[in-house]
Amino acid sequence: YTYSLAIADTQNMAPAKKSKKSVENLNSRLQLVMKSGKVALGYKTSLKTLRSNKSKLVLIANNTPPLRKSEVEYYAMLSKCQVIHYNGSNVDLGTACGKYFRVSMLTVIDAGDSDIIRNTADAS
């Protein structure tokens, strides 16, 4: 019985491919930013760059605590900076950055060769 349930569940979850593709697209752009651009990893450094109005884009992991998330969103709104809610945990975001540690949020200071700021503005 459980085997047939598992098949039924995977058939219901088929339309989720688009979001996975957009995550992969974001991950590839993020890798290019990490290689050629300038980013600030973590909560404290993200707040510093937001306060000094240096950041152009903020990426927040989906398991960031709600209070911390709303605080960063508020700072981003004040500095007219775009916020992207990353569709993955802080472990996934750290891995996407090519790091071996967890990253709850990051700010893009200089995009480098990547078009992450332009393309994410079009998407939202």
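Everything below is about the structure printed above this text.
These numbers were taken from a predicted model, which means no experiment stands behind them.

Caption draft 1: Spatial organisation of the pairing of strand 2 (residues 57-60). With burial as the criterion, each face of strand 2 is covered, one bearing Leu57 and Leu59 and the other bearing Val58 and Ile60. Judged from the four bridges that link them, strand 2 and strand 3 (residues 82-85) form a sheet pairing that is parallel. Looking across to strand 3, one finds that Leu59 is bridged to Ile84. Running through helix 4 (residues 66-78), the crossover from strand 2 to the neighbouring parallel element strand 3 is right-handed. The sheet contact formed by strand 2 and strand 4 (residues 105-110) spans four bridges and is antiparallel. Each bridged residue has a counterpart across the sheet, and for Ile60 the counterpart in strand 4 is Met105.

Caption draft 2: Broad picture of the pattern of salt bridges. Considering all chains together, one arrives at one salt bridge under this definition. A salt bridge links Asp115 to Arg29; its shortest N-O distance comes to 2.9 Å. Separated by 86 residues along the polypeptide, Asp115 in the loop between strand 4 and helix 6 (116-123) and Arg29 in helix 2 (residues 17-36) bring together distant segments of the chain.

Caption draft 3: Expanded view of the nonpolar core. Core analysis: the biggest nonpolar cluster contains 17 residues, and Leu30, Leu59, Tyr86, Leu93, Leu106 and Ile116 have the highest contact counts within it. Only helix 2, strand 2, helix 5 (90-96) and strand 4 provide two or more residues apiece to this core. Ranked by residues supplied to this core, first place goes to helix 2 with four residues. Residues in contact with Leu93, not counting those within four places in the same chain, are Leu30, Leu59, Ala61, Tyr86, Val103, Ser104, Met105 and Leu106. Core analysis: the second largest hydrophobic core is formed by nine residues, Ile60, Val72, Cys81 and Met105 among them.

Caption draft 4: Spotlight on helix 4. Here helix 4 is 13 residues long and its end C-alpha atoms lie 18 Å apart, about the 18 Å a rise of 1.5 Å per residue gives. Within the span of helix 4, buried status applies to Lys69, Val72 and Ala76. Along the long axis of helix 4, the arc covered by the buried residues comes to 70°, so they all point the same way. Opposite the packed face of helix 4, turned more than 90 degrees from it, sit the exposed residues Pro66, Leu67 and Met77. Turning to helix 4, the residues buried within the fold contact helix 3 (43-51), strand 2, strand 3 and strand 4. Where helix 4 ends, the next residue or the one after it, Lys80, has phi of about 55°, a positive value.

Definitions and limits used
- Residues numbered from 1 in each chain as written.
- Predicted model: local features only at pLDDT ≥ 70, side-chain atom pairs only at ≥ 80, totals over all residues.
- Heavy atoms only, no water.
- Buried < 20%, exposed > 50% of the residue type's maximum accessible area, 1.4 Å probe, protein only.
- Helix = DSSP H or I, 4+ residues; strand = E, 2+ residues; numbered from the N terminus.
- Pairing = 2+ DSSP bridges.
- Right-handed = clockwise from strand over helix to strand, strands pointing away.
- Salt bridge = Lys/Arg side-chain N within 4 Å of Asp/Glu carboxyl O.
- Core = buried A, V, L, I, M, F, W, Y, C linked by side-chain atoms within 4.5 Å.
- Contact = heavy atoms within 4.5 Å.
- Expected span 1.5 Å × (residues − 1).
- Arc of directions from axis to C-beta.

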